[in-house]
Amino acid sequence: MHKTILRHSLLIFCILLTAGPLAAQINKLGGNKGTGLGNRQSQTNETARSVYEIGGITVKGVKYLDEDLLIAVTGLTVGQKVYLPNDENIAKAIRNLWKQELFADVNIAVAKTIGDKVFLDITVEERPRMSRYRFKGIKKSEAQELKDKVNLVRSRVVTEATKKEAMVRIEKFFVDKGYGDVTVSVRERKDTTAVNSVVLTFTIDKGSKTHINQVTISGNENASESRLKRTLKSTKEVAQITLHASDKETVYEGEKKTFGNYLRQFNFLSVSKTLDALNPYFRPNFFSSSKFNRQKYDEDKITLVSYYNSLGYRDAQIVSDTTYRVKNGNINVDIKVKEGRKYYFGDIAWRGNTKYSNQELAKVLGIKKGDVYNQELLEKRVGHILSAEGGEDISSLYMDDGYLFFNIDPVETSIIGDTINYEMRITEGPQATIKDITIAGNDRTNEHVIRRELFTYPGNKFSRADLIRSQRQIANLGFFDQEKIGIQPKPHPEDGTVDIEYTVVEKSSDQLQLSAGFGGGVKFYGNIGVAFSNFSLRNIFKPKYWNPLPVGDGQKFSVNYQSNGAYYNSFSTSFTEPWLGGKKPNALTTSFVYSKYSGAAYGSDPNTSFLRMVGGGVSLSRRLKWPDDNFVFTYGVNYNNYRLKNYALVTDFNNGFSNNLYLKLVLARYSIDQPLYPRSGSNISLTFQLTPPYSAFGSTDYSTESSSQKYKWIEYHKYRFTADWYQRIAGNLVFKFSTKYGFMGYYNKEIGYSPFERFQLGGDGLSGYSYFVGKDIISQRGYDVYAQEAVIFNKYTAEVRYPFSLSPTATIYGLAFVDAANAWGSFKDFNPIKLNRDAGIGVRVYLPMFGLLGLDYGIGFDRYDPANGITKFKDLSKFTFMLGFEPD
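Note that the structure is predicted; figures quoted are calculated from it, not measured.

Colleague: Just checking my understanding: could you explain the overall build of the chain for this structure?
Modeller: A tally of regular secondary structure across the chain gives 16 helices and 39 strands. Every one of the 888 residues in the chain was classed for burial, and the buried ones make up 43%. Within the chain, contacts between residues at least 6 apart in sequence are counted, and of these 61% link residues at least 24 apart. In the form shown here, the chain has an accessible surface area of approximately 45,900 Å², with 55% of it arising from carbon and sulfur atoms.

As structure tokens, this is what we get:
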């Protein structure tokens, strides 16, 4: 036993003798968790530490990182004084390295000491980097979509946070698609083909789509369940109509009673009969419902409560909600609400207002004592919920008059029974003056082109209405992404001024027009043209501004050529300077056109019979200040010369010349918020086109004159009215209503209506032959051209539009439409209620390089004509394709 005690005593003595040298070596200052002697300063007596000067630092273990940069991160430098064995600077260096999240292990150790100099070794183990990743358990198309979502970058360090973030993004991707039970796991394996690299494999089990089988709402007494369900925008039960296979072989009037046969028998005069016959073979099937998304469901619950609040039920709440699976694998949603009592607005007092009286503010607020309580309405009327179009609310009233620092706080002062009394506490503040205006992001467009469109000027009072108008003006230029126009007021309360910064994102506005058509009297023809919307004439001799032509001054220049060979040729060009002189928005437009159409049979000499037209015009547009500055007045003079050679335009007028010199006046009001996908505003124009009354200048008896003499100088007066209104329904869902009227008159009944400048109605709006004789082409979906020589027409259109993409690279939206139109050959035949009706659906795609592409499918109800055998569904419908423009 004494020997054992002696051995233990010797061991302890040896440990005590070596404790000092071991500590001096600072071995394992870092360690796997960045701890060690460097972190245990409090445990060591201050007198036991020795002062050293760092004589050198070496780095070991790095494969990708720069050694000097790594040393700089530690904060340690050669010549620095350190206290060993546990200097705080070394502990801090270890922590700095761990913060980079680039290492699996960090260690700082003493390599050697020479006198009072110490040489340190920094040894690190770098985390592996990702060489590649892959998805397992999903389709190739889904994997391609996910690559843009997971935010994984090759050669980047892989951490647990990196993997976790990717897994969360993958789960969200599939949950949004309706896979509520998706599970994701990740496996990391070493990549033997690359140094310190790993391959990540994400295994995804989507499960089945989670659909909503049924939504049940209880506890509602003052709102119907169906109305409450409509507030759940993304949580819906969707019934699908299916045709059961067991019913497909039933015999009906000698042929199989199939869905296809019913479609072939379908016509618009027997809608109810056909649907009644089909009804027994169609049964509602609720097994396929809308997908369930937890996040959107939570948002829908807030919307449901907000709806109750708008009805006056201020205390309404969802007391419980349950989601559970049913036998078919889908989900039932049970929601229980507690409505509470219905409240009303009481007395509304005003405090702090000096600019406007209580009566004036109450009138703008538009809420009276006794009105049903509506929190959302209150927020809108005081201006806490802003509208992109602006509006009449308390905040707008003040901020449009410079009160940028204005604030209004509606405070509930008391609740008596079912009545809520309010006090509107107003802080008016000083009026703000605009100081500096800056513009950023205009890489191609010259700044003066944007600045001249603004309604905000340095030195003027701040106005929110002017900001909204300026934003609209910039969007209507068409040079910028209309969804990314930014306006940032930067107030300076100390001196009562505000700076305004406008930011824009350039987009391509030039167009290459390539199209082809068939019909219109010219058979197959092609069209090629270019339209530059941001042209710069002054830079035309400066190659550095060419892209591919000189750009930046907002001028418009277009060239277009159509042809089908020797039988049809047309060339046109135009140029517009929107700010003539550079000081006022006075637009100058010039144009030239040459066209030739051969009436000869194909294969024969095209010069034996033709109609040739050459002409041009000049016009000037001015922005008016009255009735408001949305009005533009345009006046211009145009001249067209026609030559006929063996071409039968009208009776006894086959050869000779005809001249069309006319004055054109247009009064228009344009207040559309955005040109590509308008959500609000209108575009209204009234056009007067008239020639001099040549027949009134002499005593010629035109009843005895030939047509060539009557139409040598064409005389007429023509009027057009066009109006388009846009109204946002909800979100980006937009309603459009259009109306168009046209009338042509004559000065002398012995001459009658001019054979030129009439109206053509129907078809797809392609001009063809009609272009040569100056006809106004009015399209109508679902119909071929049915009026070619009309002198009066009217047309009405209603559309509901919804965008699929508002990207500047491709604006895409769908629409459903109804049209009603007709045209007549004389005013006495005019019947405004006898209209040809149609309905259908369509899609529009706007590509910056090609302009507008459109496809409509219209059904002409009034084409039904049993006498001529037009009774089948296919005879009533028609596809209409458009390229480059939206026809009238």
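So, next bit.
Colleague: Explanation requested: the pairing of strand E16 (residues 407–416) in the structure shown.
Modeller: Two elements, E16 and strand E17 (residues 419–427), share nine bridges in a ladder whose sense is antiparallel. Paired with Pro410 across the strands is Met424, a residue of E17. What sits between E16 and E17 in their antiparallel hairpin is a turn of two residues, with Gly417 showing a positive phi close to 65°.

Colleague: Before we go on, may I ask you to explain the packing of aromatic side chains in this structure?
Modeller: For any pair of aromatic rings, geometry is given as the distance between the ring centres together with the angle between the planes. Overall, the coordinates contain 32 aromatic pairs when judged by the stated rule. Directly above the ring of Phe610 sits Lys596, whose terminal nitrogen or CZ lies 4.5 Å from the centroid. Positioned over the ring face of Phe817 is Arg781, at 3.7 Å from the centre of the ring.

Colleague: Would you take a moment to explain helix H3 (residues 88–99) for this structure?
Modeller: Because each turn of an α-helix spans 3.6 residues, side chains separated by three or four positions in sequence point in the same direction. Here H3 contains 12 residues, and its C-alpha end-to-end distance of 16 Å stays within 8% of the 16 Å for a straight helix at 1.5 Å per residue. Among all positions in H3, only Ile90, Ala91, Ala93, Ile94, Asn96 and Leu97 are buried. The secondary structure elements touched by the buried residues of H3 are helix H2 (67–74), strand E2 (81–84), strand E3 (103–114) and strand E4 (117–126). Regarding H3, its N-cap is Asp87, as a side-chain oxygen of that residue lies 2.7 Å from the backbone nitrogen of Asn89 further along. In the segment just after H3, Glu101 is the residue with positive phi, at about 55°.

Colleague: Which parts of the structure should I look at to understand the side chain of Ser754?
Modeller: Relative to the helices and strands, Ser754 resides in the loop between strand E31 (733–745) and strand E32 (759–761). Overall, the relative accessible area of 2% leaves Ser754 in the buried class. Here the side chain of Ser754 touches Phe756 through a polar contact of 3.0 Å, landing on its backbone nitrogen. With residues near it in sequence (within four places) discarded, Ser754 still touches Tyr711, Ile714, Glu715, Tyr716 and Met744.

What counts and how
Residues numbered from 1 in each chain as written. Predicted model: local features only at pLDDT ≥ 70, side-chain atom pairs only at ≥ 80, totals over all residues. Heavy atoms only, no water. Helix = DSSP H or I, 4+ residues; strand = E, 2+ residues; numbered from the N terminus. Buried < 20%, exposed > 50% of the residue type's maximum accessible area, 1.4 Å probe, protein only. Contact = heavy atoms within 4.5 Å. Areas by Shrake-Rupley, 256 points an atom, 1.4 Å probe, with all protein chains shown as cover. Pairing = 2+ DSSP bridges. Phe/Tyr/Trp six-rings, centres within 6.5 Å; stacked < 30°, edge-to-face > 60°. Lys NZ or Arg CZ within 6 Å of the ring centre and 35° of its normal. Expected span 1.5 Å × (residues − 1). Polar contact = N/O pair within 3.5 Å; in protein donor to acceptor, adjacent residues only side chain to side chain.

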